[in-house]
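Listed here are the chains, written in short residue letters.
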Amino acid sequence: MELLCPAGNLASMKAAFNAGADAVYLGLKNDTNARSFAGLNFNSAQLKQAKKLAQQQKRKLFLTLNTFPKPGEESRWFEAVDIAADLGLDALIVADVSLLEYASTRHPHLPLHLSVQASATNLAALSFYKQSFDIERAVLPRVLSIKQVKDLAKVSPVDLEVFAFGSLCIMAEGRCHLSSYVTGQSPNTGGSCSPAKHVRWQDDGNDKLTRLNDVLLERSSQEQQLGYPVVCKGRYISETNNTPEYLLESPTSLNTLSLLPELAKAGVCSLKIEGRQRSPAYVGQVASVWRQAIDTYQANPQAFVESQHWNEALAKVSEGQITTLGAYARQWQ
Amino acid sequence: MKISLAPLHYCWSKQDVMQFYEKVATTNIDTIYLGETVCSRRRELKLADYINIAKMLTAADKQVVLSTMALIEAQSELTELKRYIDNGEWLIEANDIGAVQLAHQANLPFVCGPTINNYNRASLDFLHKKGMMRFVMPYELSKAWLEKVITAKPAYEVEVFGFGHIPLAHSARCFTAKHLNLHKDNCQTICQQYPKGLLVQTQENQPLLRLNGIQTQSAACINLSANLHEMQQMGIDYWRLSARSIDDLTIADALANNLNQQTLSTSSVIPSIKQIQDCNGYWYGEAGMKQHQPHA
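Residues numbered from 1 in each chain as written. Chains lettered and ligands numbered in written order. Predicted model: local features only at pLDDT ≥ 70, side-chain atom pairs only at ≥ 80, totals over all residues. Heavy atoms only, no water.

## A few points about the overall build of chain B
Step number 1: Counting its secondary structure elements, chain B contains 9 helices and 12 strands.
Step number 2: Since a compact globule built from 296 residues should have a radius of gyration of about 19 Å, the 18 Å found for chain B is in line with a globular shape.
Step number 3: Referenced to the eigenvectors of the C-alpha coordinate spread, the extents of chain B come out at roughly 50 × 50 × 35 Å.
Step number 4: Looking at chain B as a whole, 62% of its 296 residues are labelled buried.
Step number 5: Intrachain contacts of chain B at a sequence separation of at least 6 include 67% that bridge at least 24 residues.
Step number 6: Of the roughly 11,100 Å² of accessible surface on chain B, a fraction of 48% belongs to carbon and sulfur atoms.
Step number 7: Side chains of chain B give 27 positive and 28 negative charges; the mean places of these two sets differ by 3 Å. (Helix = DSSP H or I, 4+ residues; strand = E, 2+ residues; numbered from the N terminus. Rg over C-alpha atoms; globule rule 2.2 N^0.38 Å. Buried < 20%, exposed > 50% of the residue type's maximum accessible area, 1.4 Å probe, protein only. Contact = heavy atoms within 4.5 Å. Areas by Shrake-Rupley, 256 points an atom, 1.4 Å probe, with all protein chains shown as cover. Lys, Arg positive; Asp, Glu negative; His and termini not counted. Charge placed at Lys NZ, Arg CZ, Asp CG, Glu CD.)

See below:
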């Protein structure tokens, strides 16, 4: 079972490897990936350096191409595919049909992982991508219950990767327009969800106001721990109740440590840690906990018990310091 | 260009649905998309009921397309999807790539609905090779996007979502049930009590979203009726209206009648809806919630 960690830069990548990550995923410094933030990601020289480092340490390197080529600008995405192939990266993480077609015909030996942004949640969808592009692996959207993950793993024509820890996307990924509805930019079109340039914090007496493109997402006390502002984690009022509530989801992170044995038994091949936008310290801490957990499980699967210490360490780096099982738990749904 | 009617996004009683489609049959709307696209727990109408409605509408000279679910998770949902595809008579609207796969396997043509991620010409052309004969532009894309994509006239038809609350996202979680402290597994199809969805406002009373079970919609209503003429000029084949109530059929019918007369009079523009904010931002490449004033 692979531990796959995010790397927003070389420092994060080193932190991940030092903490025991088997592989990292990273993106180029442009809008070919959905974490297109200033100061983040790799230019081609850095990517070469990353490849060298991964090779030395016998770890794997995946390039994330999880946005959709814009009409008339496709060459930027095709070039990224070629870069990955030329450098001999271990896999490309792709969401778009035209990119999958390009990669599978031009570089048939380059392993393809279906990005979560492709939103493949069932056997027929996985079969489409397997038959059309011979994908090796698919990343499952965070909409399936643990039972549905297990059922799918039994019949899946490709290896399955799941999100194990990190910020929780509560919508079927790749098909959520909440960000573009409010800001004009979405992961699919603009390179990120809830772009930072639209986020504004204001003081209002004892309160702090969080706005996204002027829309008020949250009114909180100055002390309250807040996650990164996104539309689905705002506090709103409904037509039936004037008390502000988290009507969609509260600021919280996904943590599946307790599901580790079930995911392993189901044959899930890779556990993904979210957070290319987070610091090297975050990557190192989270990777270290998950390394210990996976090693402990594999040393003696029957005796596996999640340590309180691990969960505490993960909660510290979680949004609002709260974690959830998300859709894996039927109760959450 | 023709007017099409989106599948009903809300959970209505069987009686209300039947009444709705009986009225549809009396209008001049050309193409009717039909079926449960949001949640498999909604069982007011079964596939057999939709087939009966499809027969009735076909007899009334409507083009009928059976729409399928946007989010397919359980094996049982896949089995139900297969039954839709094997209907033997009507075209399918695929709203998940799984439906594309099953239609392709069955060697059947299909429409790609707005929740299939078609973001460029090469992807569309690929899906055309798999059997796609029409696509509905994904909600968040714009006129500028579409112009680039159809510069060379494609071998498939183009449809644009022109009116209604925009389905912005789908989740495993049922937000309507959550709001009422019910678990999804025992939801009592509570969404039926909100036939237009449940309005969500910011703490400054700005309408933002509508909760419709597992679907989250825009609180504002997209209204591209002022753009009908330019869309016709662009070669768009279908202009889609999503009804919020049976009353919206009057709007769709009026637009269809205008298009049939080949001359678009100013009366084809739907007046702003009282108490509901209009939006058209996506069409102009802006935030979807914005109302762009072309001549301001």
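## Considerations on the UniProt feature "binding site: [4Fe-4S] cluster" (unreviewed entry) in chain A
Step number 1: Mapped onto this numbering, the UniProt entry annotates "binding site: [4Fe-4S] cluster" (unreviewed entry) at Cys169(A), Cys176(A), Cys193(A) and Cys232(A). Sequence-wise these annotated residues cover 64 residues; spatially they are packed, their C-alpha atoms never more than 10.8 Å apart.
Step number 2: Among the secondary structure elements, Cys176(A) is positioned in the loop between β7 (159-167) and α7 (178-183).
Step number 3: Other than its neighbours up to four places away in sequence, Cys176(A) contacts Met171(A), Leu168(B) and Ala169(B).
Step number 4: Along the polypeptide, Cys193(A) turns up in the loop between α8 (187-190) and β8 (199-204). (UniProt positions renumbered as here; feature names shortened; annotations may be inferred.)

## Let's talk about the UniProt feature "binding site: [4Fe-4S] cluster" (unreviewed entry) in chain B
Step number 1: The positions UniProt marks with the feature "binding site: [4Fe-4S] cluster" (unreviewed entry) are Cys39(B), Cys174(B), Cys187(B) and Cys191(B). Spatial clustering of the annotated residues is evident: they stretch over 153 residues in sequence, but the largest pairwise C-alpha distance comes to 11.5 Å.
Step number 2: Since its relative accessible area comes to 13%, Cys39(B) is described here as buried.
Step number 3: When you line up the elements, Cys174(B) lands in the loop between β7 (157-170) and α7 (175-179).
Step number 4: What Cys174(B) contacts, discounting residues up to four positions off in sequence, is Gln333(A), Lys184(B), Gly213(B) and Ile214(B).

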